[in-house]
Amino acid sequence: MELDHKVVEAFELMWGKFPEPVTLVHKSREVIAVNSACASFGRNPGVKCNEQGPAEAHRGCLANRALSSQEATYKSIMLGDKHIISYWLPIEGYPDYFIHFGVGVTIDY
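Keep in mind the model is a prediction, meaning the values are calculated, not measured.

A sheet is described by the order of its strands in space; here five strands give the open sequence S2-S1-S5-S4-S3, paired in antiparallel fashion. Unpaired on one side and paired on the other, strand S2 (31-34) and strand S3 (73-79) mark the two borders of the sheet. Averaged over all pairs of adjacent strands, the angle between their axes in this sheet comes to 20°, without regard to strand direction. Here strand S1 (residues 22-26) pairs with S2 via three bridges, running antiparallel. Counterpart to Thr23 in the pairing with S2 is Val34. Packed onto the sheet, helix H1 (residues 5-15) meets S1, S2, strand S4 (82-91) and strand S5 (94-103) and runs at close to 160° relative to S1.

Remember that side chains alternate between the two faces of the sheet whenever the strand is regular. Alternating residues of S3 divide into Thr73, Lys75, Ile77 and Leu79, all buried, and Tyr74, Ser76 and Met78, none buried. Sheet analysis places S3 next to S4, joined by seven bridges and oriented antiparallel. Among the inter-strand pairings, Ile77 is bridged to a residue of S4, identified as Ile84. Here S3 folds back onto S4, and the loop between the two strands holds two residues, one of which, Gly80, carries a positive phi near 65°.

This next bit is on the state of the cysteines. Under the criterion given, the structure shown has zero disulfides. Unpaired in terms of disulfides, Cys38 finds its nearest cysteine sulfur in Cys49, a separation of 10 Å. Here Cys49 is not disulfide-linked; the sulfur of Cys61 is the nearest cysteine sulfur, at 6.2 Å. By relative accessible area, Cys49 is classed as buried at 15%.

Right, let's talk about the packing of aromatic side chains for a bit. Following the criterion strictly, the structure yields five aromatic pairs and no others. Ring centres 5.0 Å apart and planes at 15° place the aromatic pair Tyr87 and Phe101 in the stacked group. A residue pair is termed long-range when its members are at least 10 positions apart, and Tyr87 in strand S4 and Phe101 in strand S5 qualify at 14 residues.

Turning to the nonpolar core, a few remarks are in order. Ranked by size, the top nonpolar core spans 13 residues in total, and within it Leu3, Phe11, Leu24, Ile91 and Ile99 carry the most contacts. Within the residue set of this core, elements represented by two or more residues are H1, S1 and S5. Once residues within four sequence positions are removed from consideration, Ile91 is found in contact with Val7, Leu24, Gln70, Tyr97, Phe98 and Ile99. Among the nonpolar cores identified, the runner-up in size contains eleven residues, and Val25, Val31, Leu67 and Trp88 belong to it.

Calculation notes
- Residues numbered from 1 in each chain as written.
- Predicted model: local features only at pLDDT ≥ 70, side-chain atom pairs only at ≥ 80, totals over all residues.
- Heavy atoms only, no water.
- Pairing = 2+ DSSP bridges.
- Helix = DSSP H or I, 4+ residues; strand = E, 2+ residues; numbered from the N terminus.
- Axes fitted to C-alpha atoms, helices over the stretch in contact; angles between N-to-C directions.
- Contact = heavy atoms within 4.5 Å.
- Buried < 20%, exposed > 50% of the residue type's maximum accessible area, 1.4 Å probe, protein only.
- Disulfide = S-S within 2.5 Å.
- Phe/Tyr/Trp six-rings, centres within 6.5 Å; stacked < 30°, edge-to-face > 60°.
- Core = buried A, V, L, I, M, F, W, Y, C linked by side-chain atoms within 4.5 Å.

In structure tokens, the structure reads:
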């Protein structure tokens, strides 16, 4: 199923001003869209998500689990001195796409 432009618009409306980096990602790991916080880290659409950011941040990625179960998936990690809770959220009706973000990346909660 091809991604409808309305999904990208909805992503921008919902996540555009979220203070943590958020990506809209295809199962191939191609980044489709990023919010402004993510762009401020130099991350861009059109590249593989695992090619951006520190390598250790991608260890234990749960994207495949989220895509196969079509359920929200999360885990708690330490990245340097930051405690981050990472989320992978499948998109209803678009089983090949997910939203990925972590809380604790830019804000110390």
